[in-house]
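# Per-entry structural report
Listed below are the residues making up each chain.
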Amino acid sequence: MQHAQKRTKRWLLAGALAAAAVLWWGRALVWLAAKQLFLGMLAALAALPVMKRLEKRFSGGTAAALSIATLNAALVAALFWLLPALIQQFRQLTSLLPGLWKAVGDWSARVQASLAQHGITVLNTQTQSTLLSRAQDALGAMIPSVVSRLRGMAGGAAQWLLAPVFGFYFLRDRRALSRRLIMLLPVGWRQPCVRILREMRRETAGYLRGQLMLSAIVGALTAVGLLFCGVPAWLALGVAMGVLELIPYVGPVIGGVLVALFSLPQGIWRTLWALGVVVAVQQVEGSALAPRLISQTTRLHPAAVILCILLGGSAAGMAGILLSVPLVLCVRAAVRVALLYIPPQRG
């Protein structure tokens, strides 16, 4: 009997090693499949609110198809309306770089001269020119990279066509998939795991949906405000501000710096008006929008959020920055529910 158990363990170990070797050998295909499933889950998550409303009147398959079709129509309309204008305005931002650096250099020289009259020397000429040169190289490389990414998204749009397909099946069969996955767990683990998964879904879905809505509203308000201020490439700067809104606390500061830089060649008053728009939108976001769109239960301390962003960026770049806070929310929800199942110690 013991010999048979040892043989079974050896076979299980050999099978696990063989499966790990196959996964490592085909890691590119595994990563492609995982990314495709992740995109499908995002599509299902985005269409889930519409799905919940439609399934009260239609069958599961019909409601899932209608919700995915609604999501696709909105995305296609936004893509064809925004993408050409965005590419054109990012090119316009590239053409503004020479005037931008001249304006920054003139402004810096005036500040240096004003400080020098009071006996204060902040940067010498060589250090100032070095910093400006490095900033120019970094920003000059960033904008063409953004344009190429936008073109890549337009040219590789066929790769995204399967995401709605997977999203449809995730929506239609989400309850059956949940039951089958739960049946794979030991009986004693099912109830705690279900509670953990529900709590994780509640926190992450509320946070992600709220952040996406905040991003869209902040980007739209900023773009409209910059348009009325006469700032060039107002749409591109508004979209950049909306995307950076997905990075809590840090993103709006970076977006404000970008708006100030690209409005500086138009004059100091135009820059002040543009910064006023950014500050006003952030005040509306912090006082009116965020309390309504993001639940208080999903919020973290600002210091914890900034630490998550720094660690996520160091570990996985932009993906780590965007996913670090939802991951921490998942861990917090899992720990909170798991503590409920730990029996109290008797003294």
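Just so you know, these numbers come straight off a predicted model, no measurement behind them.

## Describing the overall build of the chain
Looking only at helices and strands, one finds twelve helices and zero strands in the chain. Secondary structure elements of the chain occur, N-terminal to C-terminal, as α-α-α-α-α-α-α-α-α-α-α-α. Looking at the chain residue by residue over its 347 residues, the buried ones come to 31%. The long-range share in the chain, meaning contacts at least 24 apart out of those at least 6 apart in sequence, stands at 73%. Looking at the chain as shown, the accessible area adds up to about 22,600 Å², and 70% of this sits on carbon and sulfur atoms.

## Details of unusual backbone geometry
With phi around 55 degrees, Ala 233 is a residue other than glycine that occupies positive phi space. Mapped onto the elements of the fold, Ala 233 is located in the loop between helix 8 (187-229) and helix 9 (234-244).

## Thoughts on the packing of helix 10 (residues 250-263) against helix 11 (residues 268-293)
At their nearest, the axes of helix 10 and helix 11 sit 8 Å apart, and the two run at 160 degrees to each other. Taken together, the axes of helix 10 and helix 11 are roughly antiparallel relative to one another. Crossing of helix 10 over helix 11 shows right-handed handedness. In contact with Pro 252, Gly 256, Val 259, Ala 260 and Ser 263 of helix 10, helix 11 contributes Arg 270, Thr 271, Ala 274, Leu 275, Val 278 and Gln 282. Here the contact of helix 10 with helix 11 is built from residues that sort into six nonpolar, four polar and one charged.

## So, helix 9
All of the buried residues in helix 9 are Leu 235, Ala 236, Leu 237, Gly 238, Met 241, Gly 242 and Leu 244. Of the surrounding elements, those touching the buried residues of helix 9 are helix 3 (60-95), helix 8, helix 10 and helix 11.

## With respect to the side chain of Thr 222
The topology assignment puts Thr 222 in helix 8. Taking the relative accessible area as the measure of exposure, Thr 222 reaches 1% and is therefore buried. With near-sequence residues (within four places) excluded, Thr 222 lies in contact with Gly 238, Met 241, Val 277 and Val 281.

## With respect to a nonpolar patch on the surface
A cluster of nonpolar side chains, Leu 37, Leu 162, Val 165, Phe 166 and Tyr 169, forms an exposed patch at the surface whose accessible area comes to about 410 Å². Among the structural elements, Leu 162 can be located in helix 6 (residues 162-172). The exposure class of Leu 162 is partly exposed, given its relative accessible area of 44%.

## Some points on the packing of aromatic side chains
Counted by the stated rule, this structure contains one aromatic pair. Ring centres of Phe 168 and Tyr 169 lie 5.1 Å apart, and the angle between their planes is 70 degrees; on these two criteria the pair is classed as edge-to-face.

## Some words on the confidence of the model for the chain
Predicted confidence across the chain gives a mean pLDDT of 76, with 74% of residues reaching 70 or more. Ranking the elements of the chain by mean pLDDT puts helix 5 (residues 125-155) last, at 56, and helix 9 first, at 87.

## Structural notes on the packing of helix 8 against helix 12 (residues 302-340)
Where helix 8 contacts helix 12, the axes come no closer than 8 Å and their chain directions differ by 150 degrees. Note that helix 8 runs across helix 12; the crossing there is right-handed. For the pair helix 8 and helix 12, the contacting residues are Pro 192, Arg 195, Ile 196, Glu 199, Met 200, Arg 202, Glu 203, Thr 204, Tyr 207 and Leu 208 in the first and Val 325, Pro 326, Leu 329, Cys 330, Arg 332, Ala 333, Ala 334, Arg 336, Val 337 and Leu 340 in the second. Classifying every residue of the contact of helix 8 with helix 12 by side-chain character gives 13 nonpolar, one polar and six charged.

## A closer look at the pattern of salt bridges
It is possible for side chains bearing opposite charge to pair when their charged atoms get close. Evaluation of the coordinates by the stated rule reveals eight salt bridges. In this structure, Glu 55 engages Arg 175 in a salt bridge whose closest nitrogen and oxygen atoms are separated by 3.7 Å. Note that Glu 55 is positioned in the loop between helix 2 (27-54) and helix 3 and Arg 175 in helix 7 (residues 174-183), a separation of 120 residues in sequence. Exposure remark for Glu 55: the relative accessible area of 23% places this residue in the partly exposed category. A salt bridge links Arg 336 to Glu 199, with the shortest nitrogen-to-oxygen separation between them at 2.6 Å. Of this pair, Arg 336 sits in helix 12 while Glu 199 sits in helix 8; the two residues are 137 residues apart in sequence, bridging distant segments of the chain.

## Here we look at the environment of Leu 171
For Leu 171, the location among the structural elements is in helix 6. Sequence separation between Leu 171 and Ile 68 is 103 residues, and the spatial gap between their C-alpha atoms is 9.0 Å. With near-sequence residues (within four places) excluded, Leu 171 lies in contact with Ala 44, Ala 47, Leu 48, Met 51, Ala 64, Ser 67 and Ile 68.

## A closer look at the nonpolar core
The nonpolar side chains of a soluble globular protein tend to be buried with one another. Ranked by internal contacts, the top residues of the largest apolar core, which has 29 residues, are Leu 93, Leu 226, Val 231, Ala 236, Leu 237, Val 259 and Val 325. Those elements that provide at least two residues to this core are helix 3, helix 8, helix 9, helix 10, helix 11 and helix 12. With six residues, the top contributor of residues to this core is helix 12. Within the second largest apolar cluster, twelve residues are counted, among which are Ala 47, Met 51, Leu 54 and Ala 63.

## Points about a positive patch on the surface
Taken together, Lys 52, Arg 198, Arg 201 and Arg 209 make up a surface patch of like positive charges. Take the positive patch: its biggest share by element is three residues, from helix 8. Of note, Arg 209 is situated in helix 8. When its relative accessible area of 32% is taken as the criterion, Arg 209 is described as partly exposed.

The rules we used
- Residues numbered from 1 in each chain as written.
- Predicted model: local features only at pLDDT ≥ 70, side-chain atom pairs only at ≥ 80, totals over all residues.
- Heavy atoms only, no water.
- Helix = DSSP H or I, 4+ residues; strand = E, 2+ residues; numbered from the N terminus.
- Buried < 20%, exposed > 50% of the residue type's maximum accessible area, 1.4 Å probe, protein only.
- Contact = heavy atoms within 4.5 Å.
- Areas by Shrake-Rupley, 256 points an atom, 1.4 Å probe, with all protein chains shown as cover.
- Axes fitted to C-alpha atoms, helices over the stretch in contact; angles between N-to-C directions.
- Parallel < 35°, antiparallel > 145°, perpendicular 65-115°, else oblique.
- Left-handed = near helix turned anticlockwise from the far one by under 90°.
- Nonpolar A, V, L, I, M, F, W, Y, C, P; charged D, E, K, R; others polar.
- Patch = residues over 30% accessible without salt bridge, like charges linked within 9 Å, V, L, I, M, F, W, Y side chains within 5 Å.
- Salt bridge = Lys/Arg side-chain N within 4 Å of Asp/Glu carboxyl O.
- Phe/Tyr/Trp six-rings, centres within 6.5 Å; stacked < 30°, edge-to-face > 60°.
- pLDDT = per-residue confidence, 0-100.
- Core = buried A, V, L, I, M, F, W, Y, C linked by side-chain atoms within 4.5 Å.
- Lys, Arg positive; Asp, Glu negative; His and termini not counted.
- Charge placed at Lys NZ, Arg CZ, Asp CG, Glu CD.

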